[in-house]
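Inside the fold
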Amino acid sequence: MARATAAQGFSWRQFKVMLRVIMRGEQHLDSTGMGFGDDSAKRRTGLWGKLGSGARKVAMGFLFLLLAAMFFMMGYMLGEFGTAPYTALSLCVVCLVGLTVLTGLYQAVNILYFVRDLGYYLTLPISATTIMWAKLAHFLGMSLLGDLILLPVGLGCLLANGAAPGTWVSMTLAFVLCAVAVNLALVIVCVPIMRFSRLASDKDRFSRVFGGLIVVLALVIGVGSQFAVQGDGLASLASGSEQLLAGGVPAVVMGVLCPPSLLGRFVVEGGAMSAIAGLLGMLACVAVYAAILTVVARRWYFEGVQALQGAGGKRGRRVEGAELTRATRTRGALAANLSRDWKTMVRVPVFFNQFVLSSLLMPLYFIVIMVVSGAVGVSQASEAGLSPAELLEMARSLTVLLTFDSPALVWCAVGVLVFGLFLGFSSYSFTMGVSRDGEDFFFMRGLPMDWSAYLASKFVSPFALSTVPMLVVIAVALVVLGVPVASGIYLVGIYLGATISLGLLSLGLGALFPRLTWDNEAQLVKGGGATLMVFAGILVGAVVMALPALSLLSCVLWGILAAPVALGLSLAIFVVECAALVWWVLGPCARHLSRLER
Amino acid sequence: MIRIDHVSKSYDGGATNAVRDLSLEIRSGEIFGLLGPNGAGKSTLLNMLAGVLAPSSGTIELDGINVVSNPLAAKRNLCYVSDSPDHLLRLKGHEFLRFIADVYEVPDAVRAERIASLAREYGMEGELDNQIQSYSHGMRQKMMIMGALLPDPAIWILDEPMTGLDPKASWLLKQSMRRHADAGKTVLFSTHVLDVAEKVVDRVGVIAHGELLFVGTVDEMREHFKSNGSLEEMFLELTSDNSPFAGSGEKDHASEKSASATEAR
């Protein structure tokens, strides 16, 4: 072991070579599918390929700038409401640490360990410390680019406070040093975990755990933001962040995770000398963490990588006799395809996180929002002297009015359509149905496949995951609120019409333009193209809902149609749309797949 | 029987041909070996036979069924093992075989027995409950071969099937091929391992640059070259730049040779 440790010295020349290789395109095994790896997409060729690639970059740049502008405005508003620059910096740093702790560990593990090329690096005469630092430099570069999206909150506050240009520079430097420090701290923790933890050596399990954590985080952020942005919520959040850094146990935790965060006040609020001293202190903290990491890595990184290379082998039971007969009994084409697709989706962590957990996120989100809003409403009502039963009775007295000759029901139907449009974000699961198969698709092209059954199976899984749970939530809400049965069934019909037509159109488009040539699953579901596809779902939703929406609006806005006619017509349009889309998906789209070549 | 009639395939709209005006007939009851260097067009040809690729021109018939106009019926009549065994890796062995049996509509009465028998033969009994991704390359190849043999169709098309197999599995596959052909059915396989071709095939076809350079028995090939050398030496001579069949100037001559060789059979 001593020999191995001694051989792990750092070489600057090898570091540069490794960094260049890693930046040129290393294959990562990002198993969460949350976009934490850096698989460079294949270089596009041809005019359309270059145009598509260029358009995607422009769109992604636009999205980034949009978010940055939004955060800047939030910071500006904070400043306008009297928040001090240090408080805004505290908010940025606390958010940075929170996000990095929750997502950064997986990110670091993915970059440092789950790399397909790592097995090859092990065969080269390069020290583990050099490999790790080259990877870490790459990781830090990528992380910093992502972390910088939070900085505009602080800068916006500086603008509102009319801060001097020097303060802008020092705040930026302070934020960057905080980002580097927290990432180094994470890697210091991650190296021993990867060396000694059993969980870490099972990549699939590790990915699922982090996928689950990220979904919980998204839920907390989503629900939290609903309440934080109301009133002075954001300002309270900022002052809370400042208190976290003020002292006590939270400050100790923050000091361990991100030591430079404790020096932020000197950088932003003091004079020039104080700022320089603060920045030097921050730099010293980063240097200490880098030194600790070098020692830790020299000891355990190489061993962790070696342990991971040999992990994953499992021995299953022997299946024979009656059990084998049961396990291989005959199914129809739809059931066979559905079973195969479902098993693949659930067993590939990327797909599990992206298509199963994320699909369940929306119903969960609505349930939590409904429960929290209900609790808040009941609490406010009881303050006003109303019991929950009385409140419910009031609501029911209103929903009784939802009859077929009432414009209120038409407005409810419009609301269902708007909700359906919002569900366009999850239509991505349908669009990606065929693409999920990748190279396996071409294996199945050699089989006597029933492509209609294949596509039908691609509809069932996402429909069951995204639409059915929401349907249950809606049905419960309709019953609790006492909506008349016929009206409730009508609204459910509209909801099903909207979601089925949206799913079918998305599935058909995904079948006509599948992306089947990817190296690992994460490539498919992350990055600019995938993000744009999520937003494109809204457009698809708008297309399928345009005619029914016009029918409804022609009643309530323009008074052209009577309410019963508008309601009937919109439902009839959905029925026709769904029938046409079923024919299109099971006919032309299935035929297209049966002829698709590499 | 496999009938390939003036088949060409281009991936770039006709600028170049991966397979060029190829005609060949493989009769029922024979094992036909397709030999050729890397990039010769073997996999393209086999992919067209399996219906994965559509020919740019020409027709392919499997037992009288046109692969392009009636792909489903044609595919029910064949099994295809591609040159890569990395498919459906997240399924367990028995799940993969069940999926294949469902797609080929293998009757309930025989499928479990056939799966058990194949697993026993190929030494995979203890592996059926594991995901294919946990298998070694050779085990994955065995699983693909088991999947191909499970429906027991009339025509077997195998692309480099011996790659990665251990000697026992390789021997078993050769035995299966022989039994299949002796039962009056058809086996077509490509290989780089010339010794395998020499020992197993009834007839051999040599393909290079998308053209069929020679069709005949190994003995006829020897006679043609007046050589007592190994198949390897003949193969190298056929596919070398100095070969009388190489180069576009000799294209017609080569086509005539292959056509006459086919007719002579």
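Quick look at the structure, then. (Residues numbered from 1 in each chain as written. Chains lettered and ligands numbered in written order. Predicted model: local features only at pLDDT ≥ 70, side-chain atom pairs only at ≥ 80, totals over all residues.)

1. Quick word on the overall build of chain A
The helix and strand tally for chain A stands at 26 helices and zero strands. Out of the 598 residues belonging to chain A, those deemed buried represent 41%. (Helix = DSSP H or I, 4+ residues; strand = E, 2+ residues; numbered from the N terminus. Buried ≥ 20, exposed ≤ 12 C-beta atoms within 10 Å, placed from the backbone.)

2. Notes on helix α3 (residues 93-103) of chain B
In terms of burial, α3 of chain B is largely enclosed, as 11 of its 11 residues are buried. Where α3 of chain B is concerned, the buried positions are G93, H94, E95, F96, L97, R98, F99, I100, A101, D102 and V103 of chain B. Those residues of α3 of chain B that are buried are in contact with α15 (321-327) and α16 (333-347) of chain A together with α4 (108-121) and α5 (137-149) of chain B. (Contact = placed C-beta atoms within 7 Å.)

3. Focus: helix α18 (residues 388-399) of chain A
Under the 1.5 Å per step criterion, the end-to-end length of α18 of chain A is 17 Å for 12 residues, consistent within 8% with the ideal 16 Å. Little of α18 of chain A is tucked away, with zero of its 12 residues classed as buried. (Expected span 1.5 Å × (residues − 1).)

4. Details of the interface of chain A and chain B
Contacts between the two partners involve 31 residues from chain A, matched on the other side by 35 residues from chain B. Contributing elements (two or more residues each) for the side of chain A that touches chain B: α15, α16, α21 (440-445) and α26 (563-595) of chain A.

5. Brief notes about the pairing of strand β4 (residues 57-62) of chain B
Residues and elements named next belong to chain B. Where strand β1 (residues 2-9) and β4 come together, five bridges link them in antiparallel fashion. Within β4, the position partnered with I4 by the bridge is I60. Pairing geometry for β4 and strand β5 (residues 65-66), over two bridges, is antiparallel. Considered in β5, the bridge of L62 is made with I65. Count of turn residues in the β4/β5 antiparallel hairpin: two residues, of which D63 carries a positive phi of about 50 degrees. (Pairing = 2+ DSSP bridges.)

6. A short note on the environment of M146 of chain B
All names here are of chain B. Tracing the sequence through the fold places M146 in helix α5. Distance from M146 to D21, taken between C-alpha atoms, is 33 Å for residues 125 residues apart in sequence. Among residues more than four places away in sequence, those in contact with M146 are L97, L118, Y122 and M124.

7. What about the packing of helix α4 (residues 85-112) of chain A against helix α7 (residues 151-161) of chain A?
Residues and elements named next belong to chain A. α7 packs onto α4 with a crossing angle of 170 degrees between their chain directions and a minimal axis gap of 8 Å. Comparing their axes, α7 and α4 come out roughly antiparallel. Contact with α4, carried on its side by P85, A88, L89, L91 and C92, involves L151, V153, G154, C157, L158 and N161 of α7 and no other residues of that element. Class assignment for the residues of the contact of α4 with α7 results in nine nonpolar, two polar and no charged. (Axes fitted to C-alpha atoms, helices over the stretch in contact; angles between N-to-C directions. Parallel < 35°, antiparallel > 145°, perpendicular 65-115°, else oblique. Nonpolar A, V, L, I, M, F, W, Y, C, P; charged D, E, K, R; others polar.)

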